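A structural walkthrough
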Amino acid sequence: PTWRSSDLTGTQSSLFLVATQQVKGVNRVRRARSFLLTMVMEAAALACRQALGLPVFSVIQNAGGRFLLLVANTDGVEETVNRLQREIDDWVLDRYYGEIAMNLTLGAPFPGSALLQPTKQSPNNEVTRLPELMQRLSAAIDASKMRAFAETLRAVHTQADYSEFSCATCSVRPGKHAIKGETGSYRCDVCDDEYRLGGALVKTRYLSWERNPDREPDNSINFFSGLQLRWYEHSPGRERQAALSSLIRVFHGPDTAAGPFALRFLATYVHVLPAD
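Below, the structure is looked at part by part. (Residues numbered from 1 in each chain as written. Predicted model: local features only at pLDDT ≥ 70, side-chain atom pairs only at ≥ 80, totals over all residues. Heavy atoms only, no water.)

Turning our eyes to something else, we now look at the overall build of the protein chain. From N to C terminus, the protein chain includes 6 helices and 11 strands. When the 276 residues of the protein chain are sorted by exposure, 43% land in the buried category. Considering only intrachain contacts with a sequence separation of at least 6, the fraction spanning at least 24 residues in the protein chain is 61%. For the protein chain, the accessible surface area stands at approximately 15,000 Å², while carbon and sulfur atoms represent 52% of it. (Helix = DSSP H or I, 4+ residues; strand = E, 2+ residues; numbered from the N terminus. Buried < 20%, exposed > 50% of the residue type's maximum accessible area, 1.4 Å probe, protein only. Contact = heavy atoms within 4.5 Å. Areas by Shrake-Rupley, 256 points an atom, 1.4 Å probe, with all protein chains shown as cover.)

Pasting the structure below:
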C-alpha cells in the first residue's frame, strides 16, 4: 500500500479575512467560515475515496486541515491523484482566488508487512515502523507545499470582474450578490455562501453530500468532483436519502434528532457539564 495525504494551507488568513469597516452579517459569515473550510477537506477525502473505490475505513485521519488515507498501490493511482488535484485546483482558484491551496500527496509505496516490521525497540518492549513511515510522508507533504497549483498553474485575477466593486465582507474578491438594504454593496460567492449557511447553521439538524445533483437549492453549496453539500432542518425523506452519498445528524443537545445516522458535533453548540 501507500499513504495518500492532503494538506489545506492558507486557512488562518482565510478565517480572519474580513473588511476593516463595519460589515453586515459578519457573525453569520464567521460562524460558517471555519465549518466550510472543514467541509473542503471532507469533500476532498470523499472524492478521493470515490475515485479510488475505497471504503470509509481507509480514512486514517481527517482533522486539523489534513486527511490521511491508506491506499493500495495499484496501476493508475498516480494518474487518478493528478486528475483530482487538477479538479480541486480549478475549483479553489475559481472560488478562493489562490487564498487557500490544497495539496494532494502520494507517499512512497511500502509493503503491508512494513507496519509490523520492527525498526527499534521501545522501553516497553514494543516495536513499530509507523513513525518512520510517517516521517517519510511528512517530508513528501512539505515538498508538495512548495509546488501548490503546479497541476493548474494560471493567473487568477484575469477572470475577476470587479464591475460591482469588491466584496463588502472580505474586500478582496469581486462582489456579485447584492446585499439587501444596502445600496451599492455586494458579497462575493464565498462570503455569500457563508452568510446563507451561517444563518441556517444554528437550526441545521442534518448534513448530507450529494453527487452530481440535478438542482441547486438554497440549502446547498457546490464543491468539486460533482459534490454538493446540503443542510436540513428536518430529515430528508426515504426517497431523498437514497440519492445521497452520506447523511449525518448534527448534535443539538436534548433536541438532537433521533435516528440511525452518524452524529456530528459542530461549533454552534458547546456542551456544559452539570455542577454536580
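Further remarks concern the packing of aromatic side chains. To describe a pair of aromatic rings, one takes the distance between the centres and the angle between the planes. What the rule picks out here adds up to 7 aromatic pairs. When the centroid spacing of 5.2 Å and the interplanar angle of 80° are considered together, the rings of W91 and F224 count as edge-to-face. Here F224 lies in the loop between β8 (220–222) and β9 (227–232) and W91 lies in helix α3 (residues 77–96), a separation of 133 residues in the sequence. You can call W91 buried: its relative accessible area is 14%. Since its relative accessible area comes to 3%, F224 is described here as buried. Relative to F265, the ring of F251 lies with its centre 4.6 Å away and its plane at 40°, an arrangement referred to as tilted. Residue F251 is located in the loop between β10 (244–250) and β11 (262–264), and its partner F265 is located in the segment after β11; the two are separated by 14 residues in the primary sequence. Residue F251 is classed as buried on the basis of its relative accessible area, which comes to 15%. Its relative accessible area of 58% is what places F265 among the exposed residues. Through a chain of ring-to-ring contacts, three or more aromatic side chains come together here, namely W91, Y96, W209, F223 and F224. (Phe/Tyr/Trp six-rings, centres within 6.5 Å; stacked < 30°, edge-to-face > 60°.)

What follows is about empty space enclosed by the protein. Unfilled space is identified by rolling a water-sized probe across the atoms. Taken as a whole and judged by the stated rule, the model has 1 cavity of 30 Å³ or more. The computed volume of the largest cavity comes to approximately 50 Å³. In this structure, the largest cavity is lined by D94, R95, Y97, R173, P174, K176, C188, D189 and V190. Looking at the lining of the largest cavity, the elements with two or more residues in it are α3 and α5 (189–201). Grouping the constituent residues of the lining of the largest cavity by class yields 4 nonpolar, no polar and 5 charged. (1 Å grid on protein atoms, 1.4 Å probe; cavity = no way out; pocket = protein on both sides within 12 Å on 5 of 7 lines; lining within 4 Å. Points joined across faces, edges and corners; volume = space filled by probe spheres on them. Nonpolar A, V, L, I, M, F, W, Y, C, P; charged D, E, K, R; others polar.)

Moving on to the nonpolar core. With 50 residues, the main nonpolar core has F223 and F224 as its most contacted residues. For this core, the secondary structure elements donating two or more residues are α2 (26–52), β3 (66–71), α3, β4 (101–106), α5, β7 (206–211), β9 and β10. With 13 residues, α2 is the largest single contributor of residues to this core. Every residue in contact with F223, bar those within four places of it in the chain, is listed here: L36, M39, V40, A43, W91, W209 and L229. If you look at the next biggest cluster of nonpolar residues, it comprises 5 residues, including Y206, Y232, L244 and A257. (Core = buried A, V, L, I, M, F, W, Y, C linked by side-chain atoms within 4.5 Å.)

Below, the discussion takes up α5. The end-to-end C-alpha distance of α5 is 18 Å, a good match for the 18 Å that 13 residues give at a rise of 1.5 Å each. Looking at α5, one finds that the buried residues are V190, C191, D192, D193, E194, L197, G198, A200 and L201. Buried residues along α5 sit in contact with α2, α3, β5 (177–178), β6 (186–187), β8 and β9. (Expected span 1.5 Å × (residues − 1).)

What follows concerns a nonpolar patch on the surface. Taken together, L115, L130 and M134 make up a surface patch of nonpolar side chains, about 200 Å² in accessible area. Here L115 is to be found in the loop between β4 and α4 (130–145). (Patch = residues over 30% accessible without salt bridge, like charges linked within 9 Å, V, L, I, M, F, W, Y side chains within 5 Å. Salt bridge = Lys/Arg side-chain N within 4 Å of Asp/Glu carboxyl O.)

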